[in-house]
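# Breakdown of the fold
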Amino acid sequence: MITLYHCTAARSFRPLWALEELKLPYELKMLPFPPRVFAKEYLALNPLGTIPLMIDGDVRMTESAAIVQYLATRYGPTPLAVGLDEADFGAYLNWLQFGEATLTFPQTLVLRYSRLEPEDRRNPQVAADYSKWFLGRLRAVEAAVASRETLCGGRFTVADISVGYALLLAERIGLAGDFGPAVAAYWRRMQQRDGFRRAVNAEISAGEQQKVAATSW
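First things first, this report covers the structure right here in the doc. (Residues numbered from 1 in each chain as written. Predicted model: local features only at pLDDT ≥ 70, side-chain atom pairs only at ≥ 80, totals over all residues. Heavy atoms only, no water.)

Right, let's talk about the pattern of salt bridges for a bit. What the rule picks out here adds up to ten salt bridges. In this structure, E100 engages R14 in a salt bridge whose closest nitrogen and oxygen atoms are separated by 2.7 Å. On the criterion of sequence distance, the pair formed by E100 in helix α4 (residues 89–116) and R14 in helix α1 (residues 13–22) is long-range, its members being 86 residues apart. The same class applies to E100 as to R14, namely buried. (Salt bridge = Lys/Arg side-chain N within 4 Å of Asp/Glu carboxyl O. Helix = DSSP H or I, 4+ residues; strand = E, 2+ residues; numbered from the N terminus. Buried < 20%, exposed > 50% of the residue type's maximum accessible area, 1.4 Å probe, protein only.)

Okay, structure coming up:
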């Protein structure tokens, strides 16, 4: 049984969404955010204190984009992965990493310096600068989905999960109003997927059952 440690709407939503798309059995362990502060016992499992942590037998992984690639490869064949023999294989790998390294990274600085730091350490200029950075990088997604439904392979893949999570985070921190029309339409399509809806319901249900309050940001 796969075990996923998760905070509501955090990066761990990527593997949660992938698990639901793949319809794999899993156990969801909810943690308060940030767990390194509010669930110090978790440090014994993941010394970084970050989420996600996915445990699959002897496999332990903490990088959300790598986990979704692992799941689609380990539990394939599945159309959620793009194969080495397909023309879009390179684009698939690029979008997988783009979602985290290029889109989510600047948002973490927006979140930190606008909401998470104590009042006296917040920095509106840093938040504004990295908001512009994120929106500038989002132009690549706007161009990619202007003429197609998904990012690559002619179908929904875990690359869409990687990028889709960055759009979820953007919505949570107030940046979705600046999406271009193609990205806004793409994000609506992502939210309409049954796998996405099941993942949202799973985190709500698990949070209630485990008495872990939803992340406030």
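The rest of the description comes next.
Turning our attention to the packing of α1 against helix α9 (residues 194–209). Relative to each other, α1 and α9 sit at 120°, their axes nearing to 8 Å. Taken together, the axes of α1 and α9 are oblique relative to one another. Regarding α1 and α9, the two cross each other, and that crossing is right-handed. The segment α1 lies against α9, with F13, L16, W17, E20 and E21 engaging G195, F196, R198, A199, V200, A202 and E203. Counted by class, the contact of α1 with α9 contains seven nonpolar, one polar and four charged residues. (Axes fitted to C-alpha atoms, helices over the stretch in contact; angles between N-to-C directions. Parallel < 35°, antiparallel > 145°, perpendicular 65-115°, else oblique. Left-handed = near helix turned anticlockwise from the far one by under 90°. Contact = heavy atoms within 4.5 Å. Nonpolar A, V, L, I, M, F, W, Y, C, P; charged D, E, K, R; others polar.)

With that settled, consider the environment of E171. Within the fold, E171 resides in helix α7 (residues 158–172). Taking C-alpha positions, E171 is 20 Å from L96, a pair spaced 75 residues apart along the chain. Apart from the residues within four sequence positions on either side, E171 is in contact with A176, W187 and Q191.

Glancing now at the packing of aromatic side chains. Counted by the stated rule, this structure contains ten aromatic pairs. With a centroid separation of 5.5 Å and 75° between ring planes, the pair formed by F105 and W133 is classed as edge-to-face. Of this pair, F105 sits in helix α4 while W133 sits in helix α5 (residues 124–137); the two residues are 28 residues apart in sequence, bridging distant segments of the chain. Exposure remark for F105: the relative accessible area of 35% places this residue in the partly exposed category. A relative accessible area of 29% means that W133 is categorised as partly exposed. An aromatic cluster of at least three residues, connected via ring pairs, comprises F13, W17, F156, W187 and F196. (Phe/Tyr/Trp six-rings, centres within 6.5 Å; stacked < 30°, edge-to-face > 60°.)

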